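Chains, contacts and geometry: an overview
Each chain, written out:
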Amino acid sequence: MTNGTSDSPATKPTCHNRKVIHATCTLHRGPRGFANVVVSKRDGTIELDPHVTGACVLTLAEDEAAALRDLLTRWLG
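The shown structure was predicted, so the numbers you read here are calculated from the model rather than taken from an experiment.

**Re the pairing of strand S2 (residues 35-42)**
Pairing analysis gives six bridges linking strand S1 (residues 18-23) to S2, with the strands arranged antiparallel. By the bridge assignment for S2, lysine 19 is matched with valine 39. Pairing between S2 and strand S3 (residues 45-50): six bridges, direction antiparallel. Note that in S3 the partner of arginine 42 across the bridge is threonine 45.

Pasting the structure below:
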């Protein structure tokens with residue numbers, strides 16, 4: 001049985017490289033923690049999928065992801 005997507009099994013995220021983070025969408029003014037963001041690692045890049053729709057996926061190369069990590073570490077201590 002197929003699911004109708006073009007993703008091959010090798011590129012689908014597994015539970016080890018995919019995390020759902022609960023966030024708040026200030027644009028749509030939903031309840032706090034109601035907007036989910038899926039963070040996945042695919043082929044050496046990090047993908048951020050706000051609202052889990054695939055409509056707008058942010059892709060970070062390893063260097064960019066490391067810069068984001070360093071910034072968050074600095075901000076959060």
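Text resumes after the structure shown.
**Topic: the nonpolar core**
By size, the foremost hydrophobic cluster in this structure holds five residues: Val37, Val39, Leu48, Leu60 and Ala65. Apart from residues no more than four positions distant in its own chain, valine 37 is found in contact with Lys19, Val20, Ile21, Ala23, Asp49 and Pro50.

**Here's the deal with the sheet that holds S3**
The four strands are arranged S1-S2-S3-S4 in an open sheet whose pairing can be described as antiparallel. Edge strands, defined here as strands with exactly one partner in the open sheet, are S1 and strand S4 (58-60). If you compare each strand with its neighbour and ignore which way they point, the axes differ by 20° on average. Sheet contacts for helix H1 (residues 62-76): S3 and S4; angle to S4, the most-contacted strand, approximately 95°.

Thresholds, definitions, all that
Residues numbered from 1 in each chain as written. Predicted model: local features only at pLDDT ≥ 70, side-chain atom pairs only at ≥ 80, totals over all residues. Heavy atoms only, no water. Pairing = 2+ DSSP bridges. Helix = DSSP H or I, 4+ residues; strand = E, 2+ residues; numbered from the N terminus. Core = buried A, V, L, I, M, F, W, Y, C linked by side-chain atoms within 4.5 Å. Buried < 20%, exposed > 50% of the residue type's maximum accessible area, 1.4 Å probe, protein only. Contact = heavy atoms within 4.5 Å. Axes fitted to C-alpha atoms, helices over the stretch in contact; angles between N-to-C directions.

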